[in-house]
Amino acid sequence: MSVTRSTYNGFLSIGKNDGSNFYFGGTSSDNTSQMTWNGSAQKTSGGTSLSIGTWYHAAITVAGTGAGQFNYYINGANVISDSGNASITAAKMWFGGDEAGDWLNGCVENALAYSAALTQAEIQQQMWQRMPIRTANLNGWYPLLSDSKDYSGNGYDLTEGGTITWEAGPGV
């Protein structure tokens, strides 16, 4: 994922289609602080500043409810850990935006969706490969090189919104 504007950027979101019950990972309005939303509270971390025009690997894991069950990673580092929220279900998933309209004016490549949380070691391994590192619990694999097709074999093709421009990514 690569950022090209200096305002809220929604990288990854999972949740309901009701305006507030979703998990969010992205940047806050200063485009430098990493920010998450767990359906009830915003949490920020100033530890990982993003540069415009640079590619980053972003990942969200949700392992359950309670402290430390919702984690947000940038380039394999856990930048925010928060509580999971029982009221959020994985009814919808957004790459490059969220239900609240915090869209990403940037690029997304090689998105994967699992029904079980990857470990931090698996996330660090995955960020250097295009092919999924594990197929167990793989719900969707979206290389996003020229189409929004699900290459996992599960048939969960993405619905595109906004203006989509296909271009070469960072070359994993």
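Reference entry: report on the structure contained in this document. (Residues numbered from 1 in each chain as written. Predicted model: local features only at pLDDT ≥ 70, side-chain atom pairs only at ≥ 80, totals over all residues. Heavy atoms only, no water.)

## Quick notes on the overall build of the protein chain
Basically, it comes down to this: Counting from the N terminus, the helices are the DSSP runs of H or I reaching at least four residues and the strands are the DSSP runs of E reaching at least two. When a residue's accessible area, from a 1.4 Å probe over protein chains only, is under 20% of the maximum for its type it is buried; when over 50% it is exposed; and in between it is partly exposed. Each accessible area value is a Shrake-Rupley result obtained with a 1.4 Å probe; residue values ignore everything except the protein chains displayed when judging cover.
A tally of helices and strands in the protein chain yields 1 helix and 12 strands. Its helices and strands taken in sequence order, the protein chain reads β-β-β-β-β-β-β-β-β-β-β-α-β from the N to the C terminus. Per-residue burial over the protein chain gives 41% buried out of 172 residues. A total accessible area of about 8300 Å² is found for the protein chain, and carbon and sulfur atoms account for 48% of it.

## A word on the packing of aromatic side chains
Operational definition: Two rings from Phe, Tyr or Trp (for Trp, the six-membered ring) form a pair when their centres sit within 6.5 Å of each other. Planes less than 30 degrees apart are called stacked, planes more than 60 degrees apart edge-to-face, and all others tilted. Distance and angle both matter: a charge sits over a ring if NZ of Lys or CZ of Arg is within 6 Å of the ring centre and within 35 degrees of the ring normal.
Under the defined criterion, the tally for this structure stands at 1 aromatic pair. Residues Trp-141 and Tyr-151 carry aromatic rings whose centres are separated by 6.2 Å and whose planes lie at 70° to one another, so their mutual orientation is edge-to-face. Remark: Tyr-151 occurs in the segment after strand E12 (138-142) and Trp-141 occurs in strand E12; sequence separation between them is 10 residues. Positioned over the ring face of Tyr-151 is Lys-149, at 5.1 Å from the centre of the ring.

## Things to note about the sheet that holds strand E7 (residues 66-74)
Put simply, the test is: DSSP calls a pair of strands paired once it identifies at least 2 bridges connecting them. Axes here refer to lines fitted to C-alpha atoms; in helices the fit is confined to the stretch in contact. Angles between the N-to-C directions go from 0 to 180 degrees.
Spatially, the 3 strands line up as an open sheet ordered E6-E7-E8, and their pairing is antiparallel. Among the strands making up the open sheet, the edge pair consists of strand E6 (58-62) and strand E8 (77-84). With direction set aside, neighbouring strand axes in the sheet form an average angle of 20°. Of the pairings in the sheet, the one linking E6 to E7 comprises 5 bridges and is antiparallel in character. Residue pairing in the sheet places Ala-59 in a bridge with Tyr-73 of E7.

## A short note on the environment of Gly-53
Along the chain, the position of Gly-53 falls in the loop between strand E5 (42-45) and E6. Separated by 54 residues in sequence, Gly-53 and Cys-107 have C-alpha atoms that sit 9.4 Å apart.

## Brief notes about the nonpolar core
As a reminder, the rule being used: We call a set of buried residues a nonpolar core when its members are Ala, Val, Leu, Ile, Met, Phe, Trp, Tyr or Cys and they connect through side-chain atoms within 4.5 Å of each other.
If you look at the biggest cluster of nonpolar residues, it comprises 13 residues, and the most contacted ones within it are Phe-11, Leu-50, Tyr-72, Ile-74 and Val-79. Contributing elements (two or more residues each) for this core: E6, E7 and E8. It is E7 that provides the largest number of residues to this core, a total of 3 residues. With 7 residues, the next largest nonpolar core counts Tyr-73, Leu-118, Ile-123 and Trp-141 among its residues.

## Details of the pairing of E12
Burial within E12 is extensive, with 4 of its 5 residues counted as buried. Here 4 bridges tie strand E11 (residues 111-114) to E12, and the two strands are oriented antiparallel to one another. Within E12, the position partnered with Ala-113 by the bridge is Gly-140.

## Quick notes on the environment of Asp-150
What counts here: Here, residues are in contact when the closest pair of their heavy atoms is within 4.5 Å. Here a polar contact is taken to be a pair of N or O atoms separated by no more than 3.5 Å, where protein atoms must pair a possible hydrogen donor with a possible acceptor and residues adjacent in sequence count only if both atoms sit in side chains.
For Asp-150, the location among the structural elements is in the segment after E12. Overall, the relative accessible area of 4% leaves Asp-150 in the buried class. Remark: the alpha-carbon pair of Asp-150 and Asn-139, spanning 11 residues in sequence, is separated by 8.9 Å. Every residue in contact with Asp-150, bar those within four places of it in the chain, is listed here: Asn-139, Gly-140, Trp-141, Tyr-142, Gly-155, Tyr-156 and Asp-157. Of note is the side chain of Asp-150, whose polar atom sits 2.9 Å from the backbone nitrogen of Tyr-156.

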